[in-house]
Amino acid sequence: MTRPEPTPQESGTRQANSTASSTAGPMAGVEEALGAVRGPRRQRGGIASGAVAGLIGAGAALGVAELVAGPFSSLTSPVVSVGNVVVDNVPRWAKDFAIETFGQNDKIALIVGTTIFLFVFAAAIGMLTTKRRIVAPIGAGVFALAGAAAALSRVGAGPMAVLPSLVGGLVAWAVIDLLVWPPEAAEVSESTDRRRFLVGSSLVVAGATVAGGLGKVLSGVFRVSTNREDIVLPEPASAAETLPDGIDPDVEGLTPFITPADDFYRVDTALEIPRVDGNSWQLTVKGMVDNERTYTLADLLDRPLIERTITLVCVSNQVGGNLAGTARWLGVPLTELLDEAGVADGADQVLSRSVDNFTASTPLDTIYDGRDAMVVVGMNGEPLPLERGFPARLLVPGLYGFVSGTKWLSELNVTTFEAEQAYWTKRDWAEDAPIKTFSRIDRPGGLGSTVDPGSVVVAGVAWDPHQGISKVELRVDDGDWAEATLAPVPSEDTWVQWTYDWAATSGSHNVSVRATNGAGETQPSERVDPIPDGATGWQQIVVNVT
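Residues numbered from 1 in each chain as written. Predicted model: local features only at pLDDT ≥ 70, side-chain atom pairs only at ≥ 80, totals over all residues. Heavy atoms only, no water.

A. Main features of the overall build of the chain. Tallying secondary structure elements over the chain gives twelve helices and 19 strands in all. By residue count, 49% of the 546 residues in the chain fall in the buried class. In the chain, the proportion of contacts linking residues at least 24 apart, taken out of those at least 6 apart, comes to 76%. Approximately 25400 Å² of the chain is accessible, and the part contributed by carbon and sulfur atoms is 55%. (Helix = DSSP H or I, 4+ residues; strand = E, 2+ residues; numbered from the N terminus. Buried < 20%, exposed > 50% of the residue type's maximum accessible area, 1.4 Å probe, protein only. Contact = heavy atoms within 4.5 Å. Areas by Shrake-Rupley, 256 points an atom, 1.4 Å probe, with all protein chains shown as cover.)

The following block contains the structure:
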């Protein structure tokens, strides 16, 4: 049977189609294949609607990823996975900027920043998808692979770690494609099409919100049991000294001598607080030792424990800052654990590691110089709170936390500074970081605070743990330095509360404070930033007397 000749119009159409196909290249073939699989589609709206579709796709991806991760305590959302990689690899200048700018809120800022970047990226993908449909799966694939790679990079991550990111990527692709390239339907008016877009978008947003919320609920239900509530701390073999009379003078606004656990500062690299099962937790002592040793939490609790009142200070604390606190700590003397393993000649540091792979380097000679370095299991008479490092943390009096305060402790590696570098040492912070002499004014509050003329109590705290404070002095304007009254302290390892009765006269006054430590060294006046081994400088406030 002879095939009829095409009409001139049909011939021209075929030729045009052939020419378009040949000039579009292989990308057109991919798009044609995708179209064949998913059915005929038509592009909807312009760049603005594409951006909205991208934002909705990102929200849907995060909500579903949270739902997927919820039932598995070992899985995390893509934002947290990527954020952890950022924390591990961020350059020094960026990390320093985050700490100086956001302080204890640096982790929140990182999560928010990562989320904003994701949404901006998704909006761009949505806009480009209005021009070429293939952009949606490519962009979603980049999102999925980045999250999966980040999740796999974490210590102990298994194959399941990629699941939230991969599922989230597929959802993002489907949502963006559906909103930008809906299936062909009967001709509808522009207003009807817009209404369908709004309805579809609203349903996706609602579903993503429900999925994310349900994921959070499930993560709470299926989270790791820490057994913290079941732990009964033993009485210490060596109890902390009784707090002497005169501590906590009756002065409104003065920092309490003992800091409640809930009020203690928190500065660390953990985006999510590790939840460790105390029943399965182990501490390993390894490296340059005669015998590698492993201890369970029960092993530590069965040993003679010491209790000490010690002030901890963060190296990020600025002049006048509040990144310091004092508590009663219960733990095992660190030297006992090291001696049982047998420290080899030539070692000069203990590299401590947390369950989430943070590391800190502590000079070995500091641990053995007589101070009460310990592996802590209790705080203020209770097992360590999760935020403070349950089930165990490291503590070395007189050293900033970044070289001595590893929380969620899992490993003590006896080694050398030449062989191993810790997290902050790699970012050019100091290896040996003794806490510097510091003083702070708690009241009056500063920033132009106003008081009445006459007797005004100026009060605050000062510290130099392991050296102690011998004197605190105040100066009003350019007058002479006057000595403040010091409250008693249980040991040189704590801060000291101080008060000063000031005969205030009318006007605006500058009030400065400085401290002298137990070795007779006076706090320097020059202001130096915390990097690389702690800030210095006198605090000065302005007080208006009316």
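B. Here's a closer look at the environment of Leu338. With respect to the secondary-structure elements, Leu338 resides in helix H11 (residues 334–341). Taking the C-alpha atoms as reference points, Leu338 and Asn413, separated by 75 residues in sequence, lie 9.9 Å from one another.

C. Region of the structure containing the pairing of strand S7 (residues 374–379). Taken across its six residues, S7 has six buried, putting it largely inside the fold. Taken together, the five bridges between strand S4 (residues 324–333) and S7 define a ladder with antiparallel strand orientation. Its bridge partner lying in S7, Trp329 is registered against Met379. In this structure, S7 lies alongside strand S9 (residues 393–395), joined through three bridges in antiparallel fashion. (Pairing = 2+ DSSP bridges.)

D. Seen up close, the pairing of strand S2 (residues 293–296). Where strand S1 (residues 282–287) and S2 come together, four bridges link them in antiparallel fashion. Counterpart to Gln282 in the pairing with S2 is Thr296. Here S1 folds back onto S2 in antiparallel fashion, the turn holding five residues.

E. Geometry of unusual backbone geometry. The step from Arg443 to Pro444 runs through a cis peptide bond, and the omega angle for that step is -5°. With respect to the helices and strands, the residue Pro444 is situated in the loop between strand S11 (438–443) and strand S12 (449–451). Between Ile531 and the following residue, Pro532, the backbone shows a cis peptide bond with an omega angle of 5°. We note that Asp248 has phi near 60°; this positive angle belongs to a residue other than glycine. Within the secondary structure, Asp248 is located in the loop between helix H9 (190–221) and S1. Even without being a glycine, His466 presents a positive backbone phi close to 80°. With respect to the element layout, His466 can be found in the loop between strand S13 (454–463) and strand S14 (469–476).

F. Spotlight on the sheet that holds strand S17 (residues 496–504). Read across the sheet, four strands follow the order S11-S13-S17-S16 without closing on themselves; strand pairing throughout is antiparallel. Each of the sheet's edge strands pairs with one partner strand only, and the pair in question is S11 and strand S16 (485–486). When S16 meets S17, the two strands line up antiparallel, connected through two bridges. Bridge assignment links Thr485 to a residue of S17, and that residue is Thr499.

G. Structural view of H11. Those residues of H11 that sit buried are Leu334, Leu337, Leu338 and Ala341. Looking straight down H11, one finds its buried side chains confined to an arc of 95°; they lie on one side. Where H11 terminates, the next one or two residues include Gly342, which has phi positive at roughly 85°. (Arc of directions from axis to C-beta.)

H. Structural detail: empty space enclosed by the protein. Under the definition given, this model contains four cavities of 30 Å³ or more. If you add up the space inside the largest cavity, you get close to 490 Å³. When residues of the lining of the largest cavity are traced back to their parent elements, those giving at least two are helix H5 (92–102), strand S3 (306–313) and S9. Counting residues per element, the lining of the largest cavity draws most heavily on S9, which supplies three residues. In terms of residue class, the lining of the largest cavity is built from 20 nonpolar, seven polar and eight charged. Empty space within the second largest cavity amounts to approximately 90 Å³. Here the residues of the lining of the second largest cavity sort into ten nonpolar, one polar and no charged. (1 Å grid on protein atoms, 1.4 Å probe; cavity = no way out; pocket = protein on both sides within 12 Å on 5 of 7 lines; lining within 4 Å. Points joined across faces, edges and corners; volume = space filled by probe spheres on them. Nonpolar A, V, L, I, M, F, W, Y, C, P; charged D, E, K, R; others polar.)

I. Up close: the nonpolar core. Ranked by size, the top nonpolar core spans 71 residues in total, and within it Trp329, Val375 and Leu412 carry the most contacts. Of all hydrophobic cores here, the second largest spans 20 residues; its members include Tyr500, Val513, Ala515 and Ile541. (Core = buried A, V, L, I, M, F, W, Y, C linked by side-chain atoms within 4.5 Å.)

J. Structural context of the sheet that holds S2. Spatially, five strands are ordered S2-S1-S10-S5-S6 in an open sheet, and the strand pairing comes out mixed. Sheet topology places S2 and strand S6 (359–363) at the edges, where each strand pairs with a single neighbour. Each adjacent strand pair in this sheet contributes to an overall mean axis angle of 20°, direction not counted. As paired elements, strand S5 (residues 349–354) and strand S10 (residues 409–415) share six bridges and run antiparallel to each other. Across the sheet, residue Arg353 finds its bridge partner in S10, namely Glu411. Across the sheet, H11 lies against S1, S2, S5 and S10, angled at about 140° from S2, the strand it touches most. (Axes fitted to C-alpha atoms, helices over the stretch in contact; angles between N-to-C directions.)

K. Inspection of the packing of helix H7 (residues 135–152) against helix H8 (residues 163–180) at higher detail. Direction vectors running N to C along H7 and H8 enclose 165°, while the axes themselves pass 8 Å from each other. The orientation of H7 with respect to H8, classified from their angle, is roughly antiparallel. The chirality of how H7 crosses H8 is right-handed. On H8, the residues touching Ala136, Pro137, Ala140, Phe143, Ala144, Gly147 and Ala148 of H7 are Ser165, Leu166, Gly168, Gly169, Ala172, Trp173 and Ile176. Among the residues forming the contact of H7 with H8, the class breakdown is ten nonpolar, four polar and no charged. (Parallel < 35°, antiparallel > 145°, perpendicular 65-115°, else oblique. Left-handed = near helix turned anticlockwise from the far one by under 90°.)

L. Quick look at a nonpolar patch on the surface. On the surface, Ile108, Val112, Ile116 and Val120 cluster together to form a nonpolar patch covering roughly 370 Å² of accessible area. Assignment of secondary structure puts Val120 in helix H6 (residues 106–129). (Patch = residues over 30% accessible without salt bridge, like charges linked within 9 Å, V, L, I, M, F, W, Y side chains within 5 Å. Salt bridge = Lys/Arg side-chain N within 4 Å of Asp/Glu carboxyl O.)

M. The arrangement of the pattern of salt bridges in detail. Scanning all chains against the criterion turns up 16 salt bridges. Across the salt bridge formed by Asp177 and Arg133, the nearest N and O atoms sit 3.0 Å from each other. Taken together, the residues Asp177 in helix H8 and Arg133 in the loop between H6 and H7 connect sequence positions 44 residues apart. Note on accessibility: Asp177 and Arg133 belong to one class, buried. Taking the shortest distance from any N to any O, the salt bridge between Arg514 and Glu473 comes out at 2.8 Å. Of this pair, Arg514 sits in strand S18 (residues 507–517) while Glu473 sits in strand S14; the two residues are 41 residues apart in sequence, bridging distant segments of the chain. Each member of the pair, Arg514 as well as Glu473, carries the same accessibility label: buried.

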